[in-house]
Amino acid sequence: DIKIFEVVVLLTSYPCHPSYNTMSTDTPPCPPLLRGIRSALGPTLLTQILQSKILLVGSGGIGCELLKNLALSGFRNVDVIDLDTIDVSNLNRQFLFRSQHVGMPKCVVASEAALKMVPPPLPSSQEDTMGAKYTPYHGNVCDNSKFNVPYVQKFDLVLNALDNIAARRRVNRLCLAANVPLVEAGTSGYLGQVTVIDKSSNTECYECQPKPTQKVYPICTIRSTPSQPVHCIVWAKEMYKLCFGPNVGDSMLFEDEESLKAEKAAEEENEEGDEGDNGQESNGTAAAAAAATDGQESGEKSTYMDLIVGLRSLLGVDNANEGDEKKVLESGDDAKRKEVLSKAHESLTALFVTEIEKQIGMDRYKTAEKVPVPVSLDDLAKCTTTITGEGEDHLLPPTERKDYAPTQIWSSSDCIQELASCFLDVATSTNQPLPEFDKDDDMAMRFVTAASNLRSYVFQIDPIQSLYSAKGIAGNIIPAIATTNAIVAGLQVLQCFHILKAQLSASSKSDGNGDGAVDETSNLKKTCRYTYCLRDKTRKGYYLQPTTLPDPNPNCFVCRNAIISLTLNTQEWTLDMLLARVIKKELGFQEPTILVGGDIVYEEGEDIDPSEYAINLPKKLVNLPSGGVAHGSVIRIEDYSQDLEVDVNVSHKDVWMMKADDDSGKEKVDDREEIDKFEIGGKKPVAAATAADSSDGAKDNAAQDPAAEEDDDDDIEIIVDDDTPAKDTAAASSNGKKRKPDTEEDGNKAKKAKVDTDEVIEIE
C-alpha cells in the first residue's frame, strides 16, 4: 500500500508518458491532473473511479482530508452526510473551512470546497456525463426515514469519518444489511487505524470486538473527596446544571426537603446496620452516603443550596419557561448588576469557603493527606469590584484580556472573576434556562473551567487545567492531530482503489469474460488490509503496520446472529426501561420489534400505531403478556430498518454488589438506581490496553471511547462502552415474518483482538 501511495503521488506530480496523452475511443477523456493516477492504476480502474458512486459519512477532521483526496483522485459522484456545524475551534486542522464559515453546516461548505478541486473534464461529447457532483446532506445518519438500507444500496462503497460510537454502529449495520463495503477509520492523537468491513468477504465488522469499559467515579468522591482534576470537572458540570439547567433536580448536587429526609432515614439505618455487622456497611442509598461524606448533618442542607436556588431565581432561570424573553439585566442598570454580583459573591463564598470550613470543623478530612484550604475572602471580595470597575484592583476576566489564550492557566482570582462574568452573561441573556452542557458553548466551558480549577485550588489538586485541557476532559476528548488525520484519510482512499479493483474483477467473472478460474482478488480479505498508524516506528523503521483483515467474531450478535445474555431484576424493570436503556441505548436498535413467547409486545416503524403497545410500556417484565419475562426467558428483538435480529437470554438477579468507596476492597450492596443495574453478556470483556505491537515490541496506548451520545445523562461516566455479546446461535422466528438466510460460515475465530483507537471525539 505504501509503495502504491508513493507511486500515485509521484506520477500525479509530473507529466505522464506521451503515449498516454492519446485517448482511445472507448476510454473516457482523462484530465491532465489524473494522468498520473491512470498511469499507476490503469485506464480501466480510472474509468471505474470516475463512474463510481461514493458515500462519505462525516466531514470533520478526517472527512475534510478525505474529500480533498477523493476530489484529486478523480471521484466525481460523492454524497456527504454530517450533522455538525462549523465551530471556530475546527479551523486549525479542518482546512476546508474558513472563519466566514463558522456556524454553517460542515457538509455543505466541505462539499463546495472539494468540488472546486475536482479536475475539470476535457471538452468532449461526454462532458455532461463526466460532470462532478458532491451532494451534502445536513442531517443525522441515524435518521432511518432518509438514510436507510435502500439508500446505502445505491453506492459502490461507503467511507466513515465519524467521531462517535452510535453513528459508527449505525453505518456498520446499514452496510452489512445493504452488502456494501465500508472503509472504517479513526484517529487518537498520533494513533490511527483503517480497516475494511465487507459482509460478502466474511470480514470482521465494527461491533465484533469489545470496546474499553466504562470508568465510573463514585458520587461521594465527586461531591466531597476529589483527588483528580477530572473529579473537579465532573463536579463543575453538575454545578452548571444546578445553576443554569432547565431542571435543577437533574443535578446530583441538588438537595430538597424530601431527599434530605430520606437521607436522614437511610443514614440512621446504616448506623444501625454498622453496629450489627461489626462496622461493615449495610444497605443504603448513594445520596445518603454522599450526604454523609459531604459534611452535612443528617437532614441538613449544604450551606450553598438555598443561595444557589435564590441566584437561579434572580437570574430568571426558573421563570424562563413562562415565555418571558425579557432580560434580567439591561445595559446601564448598575443597581441590578451589583445585585447579581452580590448574590454571586454570596454563593461562591458558601461554595468555596463556608461549606469547606464546615466540613473541616466536623473532622471530615482528619485522615486526608491534604486538608482543603478555603478560598481567600479577599479574593472573593474582588468578585464585586472586578466587573463593575470599582476600586484600584479592577481586572478584566481572563477571557476578556488582550493577551488571552485558551492554553493559559488561571489563578484563583482569575477563576473568581471568570465565574462572576458568567453569571452576568446569563443575566443579560434571553435564553434561560441554558441548554444541557455543551463543550462547544463558550460560556459553559468558561464556567466549568473556572469552577473546577477553583475547586482544585481548594483541595490542592494538580495540575490546574487550562480552558483547552479542561475542554478535552469535559467532552471526553483526546485531541486530534491533523497529520494523523491526513495519513489515515490517504490510507482510506488506497483501500477504495483496492475495493473498486476487486469489484471490477468480480464483474468481469460474472460477465463470463474470465477463464473460469477462481479469482481471489474479488475477495476483499485477500486484497485489502487492516492498517495501523503507530506513534513510534517499528524496528524496521515503519510507522504504518498493515495486517490481514480478521474473521468475524463468532459471538458478534450483529454480523453472526449470536445470542446475547442479559442479567437484570425482572421484577423491577419495566418494558419502557428495557427499551430505552438496553435495546436502544446499549444495543443501538432504531425501530425495534420485541417479541415474548412468540407474541409481539412492542413494535416501532412505519405504519405502526405507537398507542397500540403503549399499555405494555409501564408493565414490569414479569407481567408482560405471553407469560412475561422471568429467569431463563428469551426475548426476540428485530429491527428491519437495519436488517438486524437477535435473541436475548434473560437472567434474573435481585441482589447486586459493588466495591466499597474506600480502599478496603470490600463489597457493599449496589445503591445505584435500578435502571443502572444490569449486565450484558455476563461480565463485559475489557478491550486490550495496547495498540498493535510493533516488531521491536513497542506498544502504543489505546484510545479511550468517549461518550457517544449528546444526551448523556450520567456525567460520572467518563467513557461509554459498547456491548459485547456472548453465546453463538440464533433462534428461528416465531412471528411469521420472512428473514434472509444466514449464508455465512460460523465458527471462524478472529485471528487476534485489536484495540479500537478510533473511538475519539475530536475537539470540534
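Bear in mind that the values here come from a model prediction, so they are computed numbers and not experimental data. (Residues numbered from 1 in each chain as written. Predicted model: local features only at pLDDT ≥ 70, side-chain atom pairs only at ≥ 80, totals over all residues. Heavy atoms only, no water.)

> Which residues make up the pattern of salt bridges, and what values do they have?
Taken as a whole, this structure holds 22 salt bridges when the rule is applied. With its nearest N and O atoms 2.7 Å apart, the salt bridge here joins Asp 647 to Arg 636. Note that Asp 647 is positioned in strand S13 (residues 644–652) and Arg 636 in strand S12 (residues 634–639), a separation of 11 residues in sequence. For the pair formed by Asp 647 and Arg 636, the shared burial category is buried. (Salt bridge = Lys/Arg side-chain N within 4 Å of Asp/Glu carboxyl O. Helix = DSSP H or I, 4+ residues; strand = E, 2+ residues; numbered from the N terminus. Buried < 20%, exposed > 50% of the residue type's maximum accessible area, 1.4 Å probe, protein only.)

> Quick one: what's the story with the pairing of S12, residue by residue and with numbers?
Among the six residues that make up S12, five are buried, leaving the element largely enclosed by the rest of the structure. Pairing geometry for strand S10 (residues 593–596) and S12, over four bridges, is antiparallel. Bridging from a neighbouring strand, Leu 595 pairs with Arg 636 of S12. Pairing between S12 and S13: six bridges, direction antiparallel. When the bridges of S13 are listed, Asp 639 appears paired with Leu 644. Counted between consecutive antiparallel strands, the loop separating S12 from S13 contains four residues, among which Asp 643 sits at a positive phi close to 50°. (Pairing = 2+ DSSP bridges.)

> Could you give an account of the packing of aromatic side chains, naming the residues involved and the relevant values?
Aromatic ring pairs: the centre-centre distance and the angle between the two ring planes describe each pair. Tallying each qualifying case throughout the model produces 14 aromatic pairs. Centroid distance Phe 75 to Phe 497: 6.3 Å. Interplanar angle 5°. Geometry classified as stacked. Taken together, the residues span a long stretch of sequence, with Phe 75 in the loop between helix H4 (61–73) and strand S2 (77–82) and Phe 497 in helix H18 (residues 482–510) at a distance of 422 residues. Owing to a relative accessible area of 0%, Phe 75 belongs among the buried residues under this scheme. (Phe/Tyr/Trp six-rings, centres within 6.5 Å; stacked < 30°, edge-to-face > 60°.)

> Which residues make up the confidence of the model for the protein, and what values go with them?
Taken over all residues, the pLDDT of the protein has a mean of 75, while the share at 70 or more is 69%. The low-confidence segment residues 125–129 (pLDDT under 50) makes three contacts with residues lying over four places distant or belonging to another chain. In the predicted structure, residues 273–299 sits below a pLDDT of 50 and forms 59 contacts with residues beyond four places in sequence or in another chain. (pLDDT = per-residue confidence, 0-100. Contact = heavy atoms within 4.5 Å.)

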